[in-house]
Amino acid sequence: MPDVFISYKREERDVAQALAQALGEQGCSVWWDIDLLPGGRFAQEIEAVIRQARVAIVLWSRQSVESDWVREEANEAKQRGILLPISIDGAKPPFGFRNLHTIDLSGWNRDPASNALREVIELVLQKARSETQPQATEASSALDAINVEAEFWRSIATADSQ
């Protein structure tokens, strides 16, 4: 089960990657769509991961507020009470998410030691280390099945390249 799920629009991949690395350096397990395999059942995997994550970071931007996928992931996280909204370019969250405190990282220079990132890391660590754990559900079984399938395809790809 990942500590953190990161939702973002492809155009902000560099921000998502820098954030994932910074959180990983703090000992958090981070899932973002770089872990998806081509041809996989990505909708099921994303749903299973969000249901098990302790924190779901949504990177709001001018592009992501228009994304149905980002909104869907944010809505699931909001319903679970694990949403941590972050604006990365000053964009206002879309309707339905504006009543939540949104952290402004629009000035972040991708430096993992920057003051701008400190609040995010502290909140994530607090939520990720809380004693309240999500209930194991059918989502964990679905994620296990997807991981087994992913490992199978990785082994085939590795065998073919040798």
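For the structure, check the block above.
Residues numbered from 1 in each chain as written. Predicted model: local features only at pLDDT ≥ 70, side-chain atom pairs only at ≥ 80, totals over all residues. Heavy atoms only, no water.

### A word on the sheet that holds strand 1 (residues 4-7)
Two pairing modes exist for strands in a sheet, parallel and antiparallel, and in both the strands are linked by backbone hydrogen bonds.
Move 1: Spatial ordering of the open sheet is given by 2-1-3-4-5, a layout of five strands whose pairing is parallel. The strands lining the two open edges of the sheet, one partner per strand, are strand 2 (30-31) and strand 5 (103-104).
Move 2: As paired strands, strand 1 and strand 2 are joined by two bridges and run parallel to one another. Within strand 2, the position partnered with Phe5 by the bridge is Trp31.
Move 3: Contacts between helix 1 (residues 13-25) and the sheet are confined to strand 1, strand 2, strand 3 (55-60) and strand 4 (83-87), with strand 3 contributing the most and set at about 150 degrees to the helix. (Pairing = 2+ DSSP bridges. Helix = DSSP H or I, 4+ residues; strand = E, 2+ residues; numbered from the N terminus. Contact = heavy atoms within 4.5 Å. Axes fitted to C-alpha atoms, helices over the stretch in contact; angles between N-to-C directions.)

### Here's the deal with the pattern of salt bridges
Move 1: Per the counting criterion, the structure on display carries five salt bridges.
Move 2: Residue Glu11 is joined to Lys9 by a salt bridge in which the shortest nitrogen-to-oxygen separation is 3.9 Å.
Move 3: Since its relative accessible area comes to 26%, Lys9 is described here as partly exposed.
Move 4: Taking the shortest distance from any N to any O, the salt bridge between Arg62 and Asp89 comes out at 2.8 Å. With Arg62 in the loop between strand 3 and helix 3 (68-80) and Asp89 in the loop between strand 4 and strand 5, this residue pair connects regions lying 27 residues apart in the sequence.
Move 5: For Arg62, a relative accessible area of 54% puts it in the exposed group.
Move 6: For Asp89, a relative accessible area of 21% gives the class partly exposed. (Salt bridge = Lys/Arg side-chain N within 4 Å of Asp/Glu carboxyl O. Buried < 20%, exposed > 50% of the residue type's maximum accessible area, 1.4 Å probe, protein only.)

### Let's talk about the nonpolar core
Here is a general trend for soluble globular proteins: nonpolar side chains tend to be buried in one another's company.
Move 1: Among the nonpolar cores identified, the biggest contains 25 residues, and Ile6, Leu19, Ile57, Leu59, Ile86, Val120 and Val124 are the most heavily contacted of them.
Move 2: For this core, the elements supplying multiple residues, two or more each, are strand 1, helix 1, strand 3, strand 4 and helix 4 (115-128).
Move 3: Sort the elements by how many residues they give to this core and helix 1 lands first, with seven residues.
Move 4: Among residues more than four places away in sequence, those in contact with Leu59 are Ile6, Ser7, Tyr8, Val15, Ala16, Leu19, Ser64, Ile86 and Ile88. (Core = buried A, V, L, I, M, F, W, Y, C linked by side-chain atoms within 4.5 Å.)

### Some words on the packing of helix 2 (residues 42-52) against helix 3
Helix-helix packing: each pair is described by the crossing angle between the helix axes and the interaxial distance.
Move 1: Contact geometry for helix 2 and helix 3: axes closest at 10 Å, N-to-C directions at 30 degrees. With respect to helix 3, the element helix 2 is oriented roughly parallel. Along this stretch, helix 2 crosses helix 3, giving a crossing that reads as right-handed. Every residue of helix 3 that contacts helix 2 at Phe42, Ala43, Ile46, Ile50, Arg51 and Gln52 is listed here: Trp69, Glu73, Glu76, Ala77 and Arg80. (Parallel < 35°, antiparallel > 145°, perpendicular 65-115°, else oblique. Left-handed = near helix turned anticlockwise from the far one by under 90°.)

### Focus: helix 3
Because the α-helix completes a turn every 3.6 residues, residues three or four places apart line up on one side.
Move 1: Taking 1.5 Å per residue, 13 residues should reach 18 Å; helix 3 reaches 18 Å between its end C-alpha atoms and fits that length.
Move 2: Here helix 3 has its buried residues at Val70, Glu73, Ala74 and Ala77. One side of helix 3 carries all its buried residues, which in axial view fall inside an arc of 100 degrees. Turned more than 90 degrees away from the buried face of helix 3 sit Asp68, Glu72 and Gln79, all of them exposed.
Move 3: By the N-cap criterion, in which a side-chain oxygen at the helix start approaches the backbone nitrogen of a residue two or three places on, helix 3 is capped by Ser67, the distance to Trp69 being 3.3 Å. (Expected span 1.5 Å × (residues − 1). Arc of directions from axis to C-beta. Polar contact = N/O pair within 3.5 Å; in protein donor to acceptor, adjacent residues only side chain to side chain.)

### Remarks on the packing of aromatic side chains
Move 1: Counting across every chain of the model gives three aromatic pairs.
Move 2: Ring centres of Phe5 and Trp31 lie 5.3 Å apart, and the angle between their planes is 5 degrees; this geometry places the pair in the stacked category. Placement of Phe5 in strand 1 and of Trp31 in strand 2 is noted, with a sequence separation of 26 residues between them. Both residues of the pair, Phe5 and Trp31, count as buried.
Move 3: Both rings, one in Trp60 and one in Phe97, keep their centres 5.4 Å apart while their planes meet at 50 degrees; by these two values the pair is tilted. Taken together, the residues span a long stretch of sequence, with Trp60 in strand 3 and Phe97 in the loop between strand 4 and strand 5 at a distance of 37 residues. Phe97 shares its class with Trp60; the two are buried.
Move 4: Looking at Lys78, its charged tip hangs above the ring of Phe97, at a distance of 5.3 Å from the centre. (Phe/Tyr/Trp six-rings, centres within 6.5 Å; stacked < 30°, edge-to-face > 60°. Lys NZ or Arg CZ within 6 Å of the ring centre and 35° of its normal.)

These values are about where atoms sit, not about what they do.
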